[in-house]
Amino acid sequence: MQIRKLGIILMMFAAISCTNQQKGGQGGSAGKVKEYPVIAVRLQSTKLYKDYPTKLQGQQTVEIRSKIAGYIEKILVDEGAFVKKGQVLFRLNAEDIQATVRSAEAMVKVAEADVNNARVNVEKTKPLVEKNIISKFELESVESTLKSKDAQLSQANANLENAKANLQYTLITSPAEGTIGNFPFRVGSLVSSSTVEPLTTVSNTVNMYAYFSFNEKEFLTITKGLEGKTLQDKFTKLPGVSLILADNSIYEQQGRIETASGLVDSQTGAVNVRANFPNAEGLLRSGGSGMVRIPQVVDSVIIIPQKTAYELQGKHFVYVVGAGNKVHNTEIEVLEANLKDSYIVTSRLNAGDQIVLEGIASLVNDAEIKPKLVDPGNLSENMVKN
């Protein structure tokens, strides 16, 4: 009996001790509110950038072709060289054409002699007709012969001029100032006017054209609010654009958007656009690639660090500090932009709202916190290319 009473007493002490521990634990938890850093969102201005793939072309690219058939005897410039208008690039073998010129000159002399003989016959026949020694028909005959010989002389002169022109065509010159392209044909190659591939190209690269495209929505967004009666007038109001080179460096000189195609591609919905970049030093080359970077200034927007938000099923959420320092799980809408580690919020937040900066993984809706207001810095400066 005594042993049973002792067991009951021990059980009662154990129950009391457990109850006190539970109460003490709940009291400690309820009395301790965790501190979280928070920021007060504010309106800011920033500059966004978007990059578009581009192909570069010289202001003028001319194909160099041979006007006559002949073998390349000498190449007088090197690939990639800068040439001036009228400079000789190739020389074709001219022996056959020189022989043709000499033959044409001889034919001209023969034709001139024939004309002289025909003219003498006319002069001799006229007095005889006037004295009725011979019939008028004889005069008409020799005059007709003179006209025929004159025509033959004209033909011979034309053949000579054509031969001389062909002789000049053996020297192939540059029709424009620019940079020489590659040489698919070498010394000894037979070329002609019907050769499919050009001998080379000459590109005027003092100014470079960068071709890229907007989708229709982007094109309207960029041009809709600009002043100007025509599209070209509107383009003059656009800020300068940058060129990102193939090595990801930024070309030192800015360009400008000058023109756009008048049609929207029915298959892709794209509008082709051309920007112009100065290239006095010749760094840019025709056929090169890169990215055209277009800036866009955005005024009075809310920018928050990405770490303040979490994503769930394609939606973005932040914890907003409300009354009684309780946090509320709030969905926000963000702009797809190129801010590094930051979001531009387009709705559901107002200037002055406080949101939790760090530790959001440990929070639940309506949890009470101890907010510690901190300065997030200038978030609009954290920008990278899209």
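Residues numbered from 1 in each chain as written. Predicted model: local features only at pLDDT ≥ 70, side-chain atom pairs only at ≥ 80, totals over all residues. Heavy atoms only, no water.

Caption draft 1: Broad picture of the pairing of strand β16 (residues 327-335). The pairing of strand β15 (residues 315-321) with β16 spans 6 bridges and is antiparallel. Considered in β16, the bridge of Val 321 is made with Val 327. Between the end of β15 and the start of β16, which pair antiparallel, lie 5 residues, with Gly 324 showing a positive phi angle near 70°. Judged from the 3 bridges that link them, β16 and strand β17 (residues 342-347) form a sheet pairing that is antiparallel. Bridging across to β17, Leu 335 finds its partner in Ile 344. (Pairing = 2+ DSSP bridges. Helix = DSSP H or I, 4+ residues; strand = E, 2+ residues; numbered from the N terminus.)

Caption draft 2: Here's a closer look at the sheet that holds strand β6 (residues 171-173). Strand order in the open sheet formed by 4 strands is β6-β5-β3-β8, and the pairing between neighbours is antiparallel. The outermost strands of the open sheet, each flanked by one partner alone, are β6 and β8 (190-191). Alignment of strand β3 (residues 70-75) against strand β5 (residues 88-92), held across 3 bridges, turns out to be antiparallel. Within the sheet, the bridge partner assigned to Ile 75 lies in β5 and is Phe 90.

Caption draft 3: Main features of unusual backbone geometry. Non-glycine residue Asn 325 carries a positive phi angle of around 60°. With respect to the helices and strands, Asn 325 occurs in the loop between β15 and β16. With phi around 70°, Asp 366 is a residue other than glycine that occupies positive phi space. With respect to the element layout, Asp 366 can be found in the loop between β18 (354-356) and β19 (370-373).

Caption draft 4: Fine view of the pattern of salt bridges. Per the counting criterion, the structure on display carries 10 salt bridges. For Asp 114, the salt bridge is made with Lys 149, and the minimal N-O distance between the two is 3.9 Å. With Asp 114 in helix α2 (residues 95-130) and Lys 149 in helix α3 (residues 136-168), this pair connects stretches of sequence that are 35 residues apart. You can call Asp 114 partly exposed: its relative accessible area is 24%. Ionic pairing is found between Glu 333 and Arg 348, a salt bridge with its closest N-O pair at 3.9 Å. Taken together, the residues Glu 333 in strand β16 and Arg 348 in the loop between β17 and β18 connect sequence positions 15 residues apart. (Salt bridge = Lys/Arg side-chain N within 4 Å of Asp/Glu carboxyl O. Buried < 20%, exposed > 50% of the residue type's maximum accessible area, 1.4 Å probe, protein only.)

Caption draft 5: Examining empty space enclosed by the protein more closely. Taken as a whole, this structure holds 2 cavities of 30 Å³ or more when the rule is applied. Forming the walls of the second largest cavity are Arg 65, Ser 66, Val 191, Ser 192, Ser 193, Thr 195, Glu 197, Pro 198 and Leu 199. (1 Å grid on protein atoms, 1.4 Å probe; cavity = no way out; pocket = protein on both sides within 12 Å on 5 of 7 lines; lining within 4 Å. Points joined across faces, edges and corners; volume = space filled by probe spheres on them.)

Caption draft 6: Just helix α4 (residues 216-223), in detail. Among the residues of α4, Glu 218, Phe 219 and Thr 223 are the ones counted as buried. The arc that holds the buried residues of α4, viewed along the axis, is 115°, so those residues lie on one side. The outward face of α4, more than 90 degrees from its buried face, is lined by the exposed residues Lys 217 and Thr 221. On its buried side, α4 packs onto β2 (43-64), β9 (200-215), α5 (231-235), β11 (256-260) and β12 (270-278). One side-chain oxygen of the residue at the start of α4 lies 3.1 Å from the amide nitrogen of Lys 217, identifying that residue as Asn 215. (Arc of directions from axis to C-beta. Contact = heavy atoms within 4.5 Å. Polar contact = N/O pair within 3.5 Å; in protein donor to acceptor, adjacent residues only side chain to side chain.)

Caption draft 7: Summary view of the side chain of Thr 205. Inspection of the secondary structure puts Thr 205 in strand β9. In this structure Thr 205 touches Gly 58, Thr 179, Asn 279, Leu 284 and Ser 286, once residues within four positions along its chain are discounted.

Caption draft 8: Geometry of the side chain of Thr 308. Mapping Thr 308 onto the fold places it in the loop between β13 (289-305) and β14 (309-312). For Thr 308, the side chain forms a polar contact with the main-chain oxygen of Pro 305, separated by 2.7 Å. Residues in contact with Thr 308, not counting those within four places in the same chain, are Ile 39, Phe 317, Val 318, Ile 355, Val 356, Leu 357 and Ile 360.

Caption draft 9: Fine view of the environment of Ser 154. Along the polypeptide, Ser 154 turns up in helix α3. As for Ser 154 and Ala 111, which are separated by 43 residues in sequence, their C-alpha atoms are 8.5 Å apart.

Caption draft 10: Structural context of α2. Taking 1.5 Å of rise per residue, 36 residues should cover 52 Å, and α2 covers 54 Å from first to last C-alpha, within 8% of that figure. Listed as buried for α2 are Ile 97, Val 101, Ala 104, Val 108, Ala 111, Val 115, Ala 118, Val 122, Thr 125 and Val 129. In this structure, the buried residues of α2 make contact with α3. At the exit of α2 stands Asn 132, carrying a positive phi of roughly 60°. (Expected span 1.5 Å × (residues − 1).)

Caption draft 11: The packing of aromatic side chains, seen in detail. Under the definition given, this model contains 9 aromatic pairs. Between Phe 90 and Phe 183, the aromatic rings sit 5.4 Å apart at their centres with planes inclined by 70°, giving edge-to-face as the arrangement. In this pair, Phe 90 is assigned in strand β5 and Phe 183 in the loop between β7 (178-180) and β8, connecting sequence segments 93 residues apart. As far as burial versus exposure is concerned, Phe 90 and Phe 183 are alike and both buried. Each residue in the set Tyr 52, Phe 212, Phe 214 and Phe 219 is aromatic and connected to the rest through ring pairs, giving one cluster. Sitting above the plane of the Tyr 209 ring, Arg 274 keeps its charged end 4.0 Å from the centroid. Taking the ring centre of Tyr 49 as reference, the NZ or CZ of Arg 293 above it sits at 5.9 Å. (Phe/Tyr/Trp six-rings, centres within 6.5 Å; stacked < 30°, edge-to-face > 60°. Lys NZ or Arg CZ within 6 Å of the ring centre and 35° of its normal.)

Caption draft 12: Structural view of the layout of surface pockets. For the second largest pocket, the calculated volume is near 190 Å³. Forming the walls of the second largest pocket are Ile 64, Arg 65, Ser 66, Lys 67, Gln 168, Tyr 169, Leu 171, Ile 172, Thr 173 and Pro 175. For the lining of the second largest pocket, the leading source of residues is β6, giving 3 residues. Residues of the lining of the second largest pocket, tallied by class, amount to 5 nonpolar, 3 polar and 2 charged. (Nonpolar A, V, L, I, M, F, W, Y, C, P; charged D, E, K, R; others polar.)

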